[in-house]
Amino acid sequence: MSDQHVTTDDSWVPDSCTLPTAERPLRLAEFDQFFRDAVRGSERLSAQHLRLQLDGAEQVEQTARDLATRESSCCSFFTFDIARPDVHSLTLDVRVPAAHIDVLDALAQRAVRVQR
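## With respect to the pairing of strand 1 (residues 39-46)
Bridge analysis of strand 1 against strand 2 (residues 49-55) gives six bridges, and the strand direction is antiparallel. For Ser 46, the partnering residue across the bridge sits in strand 2 and is His 49. Between strand 1 and strand 2, which pair antiparallel and follow one another directly, the connecting turn spans two residues.

Written out as structure tokens, the structure is:
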């Protein structure tokens with residue numbers, strides 16, 4: 001096991017998630033890879049709002065949009081917004097309603113752990 005190994009335990013995934021249980025480890029692995037490859041920093045703007053600073057490459061934007069679309073389809077409580085403040089920067093804002101702050105907490109913690 002490497003230092004970058006992050007468990008695929010999905011015990012924090014809410015019951016409202018409609019992604020089939022068998023597919024959850026694969027989605028978590030996709031997010032882990034995305035966090036590792038694309039995330040350059042994170043900022044918790046509020047309990048319900050996380051901002052990820054991303055590598056500004058076009059492929060990163062495509063991957064972020066794809067993951068956000070697929071995640072929104074199974075966990076409809078997520079709101080994802082992708083913005084390009086300038087040609088070299090990209091941000092991914094992730095918002096949740098108050099009832100799902102714990103899910104955003106887990107996602108934020110996962111992003112930080114994977115980056116290390």
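After that view of the structure, there is still more to cover.
## Notes on the packing of helix 1 (residues 24-38) against helix 2 (residues 58-74)
Helix packing for two helices is described by the angle between their axes and how far apart those axes are. It is at 11 Å that the axes of helix 1 and helix 2 come closest, and there the two elements cross at 150 degrees. Regarding the angle of helix 1 to helix 2, the classification is roughly antiparallel. Viewed along their axes, helix 1 and helix 2 form a crossing whose handedness is left-handed. Contacts between helix 1 and helix 2 involve Arg 27, Glu 30, Phe 31, Phe 34 and Ala 38 from the first element and Val 60, Thr 63, Ala 64, Leu 67, Arg 70, Glu 71 and Cys 74 from the second. Across the contact of helix 1 with helix 2, the residue classes break down as seven nonpolar, one polar and four charged.

## Some points on the packing of aromatic side chains
Taken as a whole and judged by the stated rule, the model has four aromatic pairs. Judged by centre distance (5.7 Å) and plane angle (45 degrees), the ring pair of Phe 31 and Phe 35 falls under tilted. With Phe 31 and Phe 35 both in helix 1, this residue pair falls four residues apart, about one helical turn. Here Phe 31 matches Phe 35 in class, with each residue buried. Look at Phe 77 and Phe 78: their rings are 4.7 Å apart centre to centre, the planes differ by 35 degrees, and that puts the pair in the tilted class. Both residues of the pair, Phe 77 and Phe 78, belong to the buried class.

## With respect to helix 2
Between its terminal C-alpha atoms helix 2 stretches 25 Å, which fits the 24 Å expected from 17 residues at 1.5 Å a residue. Buried residues of helix 2: Val 60, Glu 61, Ala 64, Leu 67, Ala 68, Glu 71 and Cys 74, and no others. Within helix 2, the buried residues cover an arc of 160 degrees as seen down the axis, which keeps them to one side. Residues of helix 2 that are exposed and point over 90 degrees away from its buried face: Glu 58, Gln 59, Thr 69 and Ser 73. Contact partners of the buried residues in helix 2: helix 1, strand 2, strand 3 (79-83) and strand 4 (89-95).

Conventions we followed
Residues numbered from 1 in each chain as written. Predicted model: local features only at pLDDT ≥ 70, side-chain atom pairs only at ≥ 80, totals over all residues. Heavy atoms only, no water. Pairing = 2+ DSSP bridges. Helix = DSSP H or I, 4+ residues; strand = E, 2+ residues; numbered from the N terminus. Axes fitted to C-alpha atoms, helices over the stretch in contact; angles between N-to-C directions. Parallel < 35°, antiparallel > 145°, perpendicular 65-115°, else oblique. Left-handed = near helix turned anticlockwise from the far one by under 90°. Contact = heavy atoms within 4.5 Å. Nonpolar A, V, L, I, M, F, W, Y, C, P; charged D, E, K, R; others polar. Phe/Tyr/Trp six-rings, centres within 6.5 Å; stacked < 30°, edge-to-face > 60°. Buried < 20%, exposed > 50% of the residue type's maximum accessible area, 1.4 Å probe, protein only. Expected span 1.5 Å × (residues − 1). Arc of directions from axis to C-beta.

Any functional reading would require information that these geometric values do not contain.
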